[in-house]
Number of protein chains: 2
Amino acid sequence: MSDSGLLIVVSGPSGAGKGTICDALRQRFPNIHYSISMTTRNPRPGEVNGTNYYFTTNEHFEELLTQDAFLEHAKVYDHYYGTPKKYVYQMLQEGKHIMLEIDIQGAMQVKEKYPQCVLIYIVPPSKAVLEARLRGRHTDSDEVIAGRLAKASAELEWISKYDYLIINDDLNTAIEDAAAVLQAEEKKADRLTHRIAVLKEQYK
Amino acid sequence: MSDSGLLIVVSGPSGAGKGTICDALRQRFPNIHYSISMTTRNPRPGEVNGTNYYFTTNEHFEELLTQDAFLEHAKVYDHYYGTPKKYVYQMLQEGKHIMLEIDIQGAMQVKEKYPQCVLIYIVPPSKAVLEARLRGRHTDSDEVIAGRLAKASAELEWISKYDYLIINDDLNTAIEDAAAVLQAEEKKADRLTHRIAVLKEQYK
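Conventions used here
- Throughout this document, residue positions are counted from 1 along each chain, in the order its sequence is written.
- For naming, the first written chain is A and the first written ligand is 1, with later ones following in the order written.
- Residues qualify for local features only when their pLDDT is at least 70, as the model is predicted, and side-chain atom pairs are given and counted only at 80 or more; totals for whole chains, interfaces and linings, by contrast, use all residues.
- Think of the side-chain values as coming from all heavy atoms in the structure, minus any hydrogens and water.
- At least two DSSP bridges between two strands are needed for those strands to be called paired.
- Elements are defined by DSSP. Helices are runs of H or I of four residues or more, strands are runs of E of two residues or more, and each kind is numbered from the N terminus.
- Angles shown run from 0 to 180 degrees and are taken between the N-to-C directions of axes, each axis being a line fitted to C-alpha atoms and, for helices, limited to the stretch in contact.
- We call two residues contacting when some pair of their heavy atoms lies within 4.5 Å.
- Counted as salt bridges are all cases of a side-chain nitrogen of Lys or Arg within 4 Å of a carboxyl oxygen of Asp or Glu.
- Burial classes: relative accessible area under 20% of the type maximum marks a residue as buried, over 50% as exposed, and values in between as partly exposed (1.4 Å probe, protein chains only).
- Simply put, the buried area is the total loss of 1.4 Å probe accessible area from both parts when two parts are fitted together.
- Polar contacts, as used here, are pairs of N or O atoms within 3.5 Å; protein pairs need one atom able to donate a hydrogen and one able to accept it. Residues neighboring in sequence count only if both atoms are side-chain atoms.
- Classification of ring pairs uses Phe, Tyr and Trp, with its six-membered ring standing for Trp, and accepts pairs whose centres are within 6.5 Å; under 30 degrees between planes counts as stacked, over 60 as edge-to-face, and the remaining range as tilted.
- For our purposes a nonpolar core is just a set of buried Ala, Val, Leu, Ile, Met, Phe, Trp, Tyr and Cys residues, chained together by side-chain atoms within 4.5 Å.
- pLDDT measures the predictor's confidence residue by residue and takes values from 0 up to 100.
- Copies are brought into register by a least-squares superposition over C-alpha atoms of residues with pLDDT of at least 70 in both.
- Take the number of residues in a helix, subtract one, and multiply by 1.5 Å to get its expected span.

Caption draft 1: Geometry of the sheet that holds strand E7 (residues 97-101) of chain A. All names here are of chain A. One open sheet holds the 5 strands; their spatial order is E2-E7-E1-E8-E9, and the pairing between them is parallel. The open sheet has two edge strands, strand E2 (32-34) and strand E9 (164-167), and neither has a second partner. The average angle at which neighbouring strand axes cross in this sheet is 30 degrees, direction not considered. Here strand E8 (residues 118-123) pairs with E9 via 4 bridges, running parallel. When the sheet's bridge partners are listed, Tyr121 is paired in E9 with Leu165. Those strands touched by helix H3 (residues 85-93) are strand E1 (7-11), E2 and E7, and its axis lies near 140 degrees from that of E7.

In structure tokens form, the structure reads like this:
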């Protein structure tokens, strides 16, 4: 038996550095595991069912929806995407951490279904910095960049729903901050029921 | 203007390593300031009023008590000891952190008066380890050590009232854990009202 792992939810605008920070966290905390999403879109060449995604049909996905089987889900264009509860809860119960990189809508769904989750919002220090990063990627058109910037501004209203705010000015500092959040959350007394029971035994 | 500092409360049995850990935190976080307690006992040789303690009379202390002027207080033998709110709140408002090393009774008083405080409990991994540490200090009699061990066991019941539990098995790990707690708490979104307002300006 062990205490539950952490369900870590990371959000932030495109260009905030979420992916790089999450990769660094995974390196530092080997106990972080991936969750596998379920989707109704077709596999792309090389994608493996049960590794990249669980691929399924619309009918099956909608049946699972009626069973409240997802921590969060969304319909993007004509396809469903969702995080099945079952696998995530099983991992958490085994004491493993699960990290989800999802948007605000998804994060709010997770918070409702699993209030003990740890919500982290990552954001560059200013619109100018975010714009420079998006332009530096040379992947988005001016229109797409303008849309992302407007979205980033609007989404700041949601920060207060998150537990932690990490302003990614310097990447290494942001990684240290995010790592400190996980290390601290691992020490939260209200999560450590099992550990405290063991401690009491050691003091008998 | 800045966001409030953290009011950090550290408790744990005598021999837990609180002093060493708090000293290490103060070195690492120059923003941590001492609070100065008020007492009715007489100054010892070399103690300076306003530096080591605020020394005052019984009458004055009791008058302050009626004004709810203390974050926490206790009467030990015939003398009062207390943490005046005024100085602490002023420092916090200036964005400075205040760290208090106090017992459980004091910590619970602080939590009631200032619920945003960060409560950290530090404890050795077992009674045997605690006993070895107490014996290693060569300062306490067998009776005193027995009393401290019994108290440490009984006080484990209070851990659930604390925010964080740090098991001081290896001192360096415990220091890293405590430092992570402070670093994470500095990123709590609900404390960063001012920082978030600045951020929103940067995204206009």
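Caption draft 2: Region of the structure containing the pattern of salt bridges. Considering all chains together, one arrives at 32 salt bridges over all chains under this definition. Where A:Lys96 meets A:Glu94, a salt bridge forms, and the shortest distance between an N and an O atom there is 2.8 Å. Salt-bridge contacts for B:Lys188 lead to B:Glu185; the nearest nitrogen and oxygen are separated by 3.1 Å. The exposure class assigned to B:Lys188 is buried, which follows from its relative accessible area of 16%. You can call B:Glu185 buried: its relative accessible area is 3%.

Caption draft 3: Representation of the interface of chain B and chain A in the model. Across the contact, 33 residues belong to chain B and 33 residues belong to chain A. Each partner contributes to the roughly 3,100 Å² buried at the junction of chain B and chain A, and carbon and sulfur atoms together form 65% of this total. At the boundary of chain B and chain A, one finds 4 salt bridges. Taken together, the connections running from chain B to chain A amount to 16 residue pairs in polar contact (both at pLDDT 80 or more). Those elements that place two or more of their residues in the side of chain B that touches chain A are helix H5 (127-136), helix H6 (142-155), strand E9 (164-167), helix H7 (171-185) and helix H8 (193-202) of chain B. Ranked by the residues each element gives to the side of chain B that touches chain A, the list is headed by H7(B), at 6 residues.

Caption draft 4: Representation of the environment of B:Ser160 within the structure. Structurally, B:Ser160 can be placed in the loop between H6 and E9. When the C-alpha positions of B:Ser160 and B:Tyr121 are compared, they lie 9.5 Å apart, and in sequence the two are 39 residues distant.

Caption draft 5: Structural context of the packing of aromatic side chains. Residues and elements named next belong to chain A. Taken as a whole and judged by the stated rule, the model has 12 aromatic pairs over all chains. On the numbers, 4.7 Å between centres and 5 degrees between planes, the contact of Phe61 with Tyr80 is stacked. With Phe61 in helix H2 (residues 58-66) and Tyr80 in strand E6 (residues 79-84), the pair connects residues that are 19 residues apart, well separated along the chain. Given the relative accessible area of 0%, Phe61 is considered buried. Every member of this aromatic cluster is reached through a ring pair, and the members are Tyr53, Phe55 and Tyr81.

Caption draft 6: How the structure looks around the nonpolar core. The biggest cluster of nonpolar side chains holds 46 residues, and the ones touching the most others in it are A:Leu25, A:Ile120, B:Leu25 and B:Ile120. Not counting residues up to four positions away in its chain, the partners in contact with A:Ile120 are A:Ile8, A:Val9, A:Val10, A:Ser11, A:Tyr162, A:Tyr164, A:Ile166, A:Val181 and A:Leu182.

Caption draft 7: Local environment of the environment of A:Ile8. Residues and elements named next belong to chain A. Within the fold, Ile8 resides in strand E1. Accessibility expressed as a relative area gives 0% for Ile8, which makes it buried. Setting aside residues no more than four positions away along its own chain, Ile8 makes contact with His97, Ile98, Met99, Leu100, Val118, Ile120 and Leu182.

Caption draft 8: Fine view of the confidence of the model for chain A. The predicted model of chain A has a mean per-residue pLDDT of 96, with 100% of residues at 70 or higher. At the level of chain-chain contacts, confidence expressed as ipTM amounts to 0.94, with global pTM at 0.95.

Caption draft 9: A look at the relation of the copies chain B and chain A. Least-squares fitting of chain B to chain A yields an RMSD of 0.0 Å, with the superposition described by an axial translation of 0.0 Å and a rotation of 180 degrees. In the structure described here, the two chain copies are related by an operation that fits a two-fold rotation axis. Closest to the rotation axis within chain B is the C-alpha of B:Ala180, separated from it by 2.2 Å. Looking at the interface residues of chain B, 100% of them are also at the interface in chain A, so both copies use one shared face.

Caption draft 10: Spotlight on unusual backbone geometry. All names here are of chain B. The phi dihedral of Tyr77 falls on the positive side, at around 50 degrees, and the residue is not glycine. The exposed category is assigned to Tyr77, whose relative accessible area is 78%. Of note, the phi angle at His138 is positive, near 50 degrees, even though the residue is not glycine. The topology assignment puts His138 in the loop between H5 and H6.

Caption draft 11: Just the sheet that holds E9(B), in detail. Residue and element names in this part refer to chain B. Ordered by their spatial adjacency, 5 strands build an open sheet running E2-E7-E1-E8-E9, and the pairing between neighbours is parallel. Where the open sheet ends on each side, the last strands, each with one partner, are strand E2 (32-34) and E9. The mean inter-strand angle of the sheet, taken between neighbouring strand axes irrespective of direction, is 30 degrees. Sheet strands touched by helix H3 (residues 85-93): strand E1 (7-11), E2 and strand E7 (97-101). Its angle to E7, the strand with the most contacts, is close to 140 degrees.

Caption draft 12: Broad picture of helix H6 (residues 142-155) of chain A. Residues and elements named next belong to chain A. End to end, H6 covers 20 Å across 14 residues, agreeing with the expected 20 Å (1.5 Å per residue, within 8%). Burial in H6 covers these residues: Ile145, Leu149, Ala152, Ser153 and Glu155. Each element contacted by the buried residues of H6 is listed here: helix H4 (104-113), E8 and helix H5 (127-136).

Caption draft 13: Focus on the pairing of E7(A). Residue and element names in this part refer to chain A. With respect to burial, E7 is a largely interior element, 4 of its 5 residues being buried. As defined by bridge partners, E1 adjoins E7 across 4 bridges and the pair is classed as parallel. Bridge assignment links Leu7 to a residue of E7, and that residue is Ile98. Bridging between E2 and E7 involves 3 bridges; their strand directions are parallel. Considered in E7, the bridge of His33 is made with Ile98.

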